[in-house]
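Topology and contacts: notes
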Amino acid sequence: MESVNIRNFAIIAHIDHGKSTLADRIMEMTETVNSREKKAQLLDDMEVEQAHGITVKSRTVRNYYKGDDGQEYEYNFIDTPGHVDFAYEVSKSLAACEGVLLLVDATQGVQAQTVANFRLAKENNLVIIPVINKIDSKGADIKKTVQQIKKLDPIFEEQDFLKISAKTGQGVHLVLEAIHQRIPAPSGDDSASLKALVFDSVYDSFKGVIAYIRVFDGQIKFNSKLKLMASKESFKASTIGVLTPNMKTVESLCVGDVGYVITGIKDPKAINVGDTLTDEKKPTKSAFPGYRKAKPMVFAGFYPKNNDYAALKAAIERLSLNDSSFQYGLESSDALGMGFRCGFLGMLHLQIIRERLKDEYDLEVLTTSPNVTYHVHIRNNQKIMEVNNPAKFPDFSEINYVEEPFIRAIITTPVESVNQVMKLAERSKGDLKNLDNKGDLVVLEYNMPLSEIAYDFFSQLKSISHGYADLDTSFLNYQVADVVKVEVHINYAKVDALAFVLHRQDVPKASQNLVKKLKYSVPRKLYPMPTQAVVEGKAVARVDIPPLRKNAAVNGEKRSISKKKDLLRRQNINKRQSAQSDIKLTQEVFNSLLELK
Ligand code: GTP
């Protein structure tokens, strides 16, 4: 198709505002999917997406639309995730578009991710079409939503707003019309050397790496020799195609087209999203700058449950290809063997990766307790260590001081729950910077340590506000923190995989809770095992994990005192000799480290 009739756009919104539902309607009204294939949230086809009811991966679909002006248009849209943990997916997708549909739920109005996504679209100089959704709902307040969007950008005028119900289809025709009227056609030079952006990729065990691309200049023909400019990898485009949403082979992809290329490359590391795809013989002069690397916020160790290290390695490499915000490096632990230290954008991201390993690769992993990256200033020299693994935290005698990451948290909550929310934020060491009363909503701004909100702050916030409060976070800076490493000793042996870092003031309570929880989660042995939390060389809490059987020496039948004493003595020797490696660490043990305060 002529590029003047192509439109590339993304659907962006806050979580649950109806992106996937609108995507369904668009595919239906353009007859991209027939009634047999029709089902709700058709594009959220990953198991984890269906289980959580959210979009995790962006999806690209090509549709053909016959406009009221009689012209036929090619609409390539990208359905993007709404949760803050997957914001990186959105930013990648927008680089392939000229415009966006900014969808806002009329019952909720503008929310944290609406603002964040709006800013992303602005940064990418995209045309923004504001669409107000769920107007069929009883609680819809269209007027207020319009006002809130106008506040985001005063450039919007009354006639710019489209009011729809993605569920019933009401108003969606006007959206389809607005797309070709307001979003510009892609511009590019058909006769120039090929310049295409790799905005996503997946690994297929048969076909190798499949790159999702958008052509900016030139064209890709079937069987042409191509080259990735950053990784310098060359290959033949054995198959090229478009997603409708299923894969459909085509002969060529031209300026403005969005599609896929089967590269045949078997090494997942040879291709990076953000790379530029060009002709091998006649490369383009200017490559794309590449994507800014995502900065992981939360780290945790992943270890194979069944000692299947090689399988886990292959799966993690492939997953990171499909999700470039997920990062990993090798790590080993005395108790768990070889594994990976993985970086995530948030806790939901961690959970999703874990579930994807299970669903897509049939691999179960042990996850160590999550932590953030600390800057540890070493005594007597200028060295600063970046520590994201508590086991590697230096000994307290070597530390001058430690800094931890702080974030700015913007919490939007209904007035009724504001007291509870403020209590939660204070408990989490939040420092209130601003309070803004917006009618029935209150916007609170806090500075707080990332470690406090990284784990279960979000779910607590949702539970005390009955799901209505919202959280938006952005990195602030590193600040000096009084934190210490808590080591766990089981049966007099240090278990490195269980170490964690904590604010000193939380240590007494947390360490008591920890040993109590370990008492019931560490698999028992035939002998009692003393379990201690050790801080700066001192045991601060202790509990004895009871033995599997009754202690024969104490509760035994009628034995002479000397025999009992002898048995006790021998048991003591046993205790001290048993090595730490025979303590089996289950996921339950690691879970004991969560929610200690
Ligand atoms: P994420 O991808 O997870 O960010 O969510 P989403 O924005 O794709 O939202 P989704 O399409 O999954 O819709 C969320 C919920 O809102 C679903 O239960 C939909 O049925 C419902 N919904 C979507 N559009 C409408 C609408 O126009 N009216 C009503 N009443 N409900 C809607």
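Residues numbered from 1 in each chain as written. Predicted model: local features only at pLDDT ≥ 70, side-chain atom pairs only at ≥ 80, totals over all residues. Heavy atoms only, no water.

**Here's the deal with the pairing of strand β4 (residues 99-105)**
Definition in use: Residue burial is assigned from relative accessible area. The probe radius is 1.4 Å, only protein chains are included, and a residue is buried under 20% of its type maximum, exposed over 50%, and partly exposed in between. Helix numbers and strand numbers start at the N terminus; a helix is a DSSP run of H or I with at least 4 residues, a strand a run of E with at least 2. Here, any two strands with at least 2 DSSP bridges between them count as paired. When the strands point away from the viewer and the path from the first strand over the helix to the second turns clockwise, the crossover is right-handed.
Counting buried residues along β4, seven of its seven residues qualify, which places the element largely inside the surrounding structure. Here β4 shows a buried face lined by G99, L101, L103 and D105 and a second buried face lined by V100, L102 and V104. Bridging between β4 and strand β5 (residues 127-133) involves seven bridges; their strand directions are parallel. Across the sheet, the residue bridging to L101 is I129, located in β5. What joins β4 to β5 is helix α4 (residues 112-123), and the crossover it makes is right-handed.

**Considering the UniProt feature "binding site: GTP" (unreviewed entry) in the chain**
Applicable threshold: UniProt positions are given in the numbering used here, feature names are shortened, and annotations may be inferred rather than shown by experiment. In this description, contact between two residues means that some pair of their heavy atoms is separated by no more than 4.5 Å.
Per the UniProt record, "binding site: GTP" (unreviewed entry) is annotated on D16, H17, G18, K19, S20, T21, N133, K134, I135 and D136. Residue classification places K19 among the buried positions, given a relative accessible area of 5%. With respect to the element layout, I135 can be found in the loop between β5 and α5 (142-152). Residue I135 is classed as buried on the basis of its relative accessible area of 19%. Not counting residues within four places of it along the chain, the set of residues in contact with I135 comprises A140, I142, K163, I164, S165 and Q170.

**Notes on the side chain of D153**
Mapped onto the secondary structure, D153 falls in the loop between α5 and β6 (162-163). Of the residues examined, D153 reaches a relative accessible area of 10% and is grouped as buried. Every residue in contact with D153, bar those within four places of it in the chain, is listed here: F118 and K122.

**Concerning the state of the cysteines**
Test applied: Defined by distance alone, a disulfide is two cysteine sulfur atoms within 2.5 Å.
For the structure shown, the criterion picks out zero disulfides. Considering cysteine sulfurs only, C254 is the nearest to C97, which forms no disulfide, with 18 Å between them.

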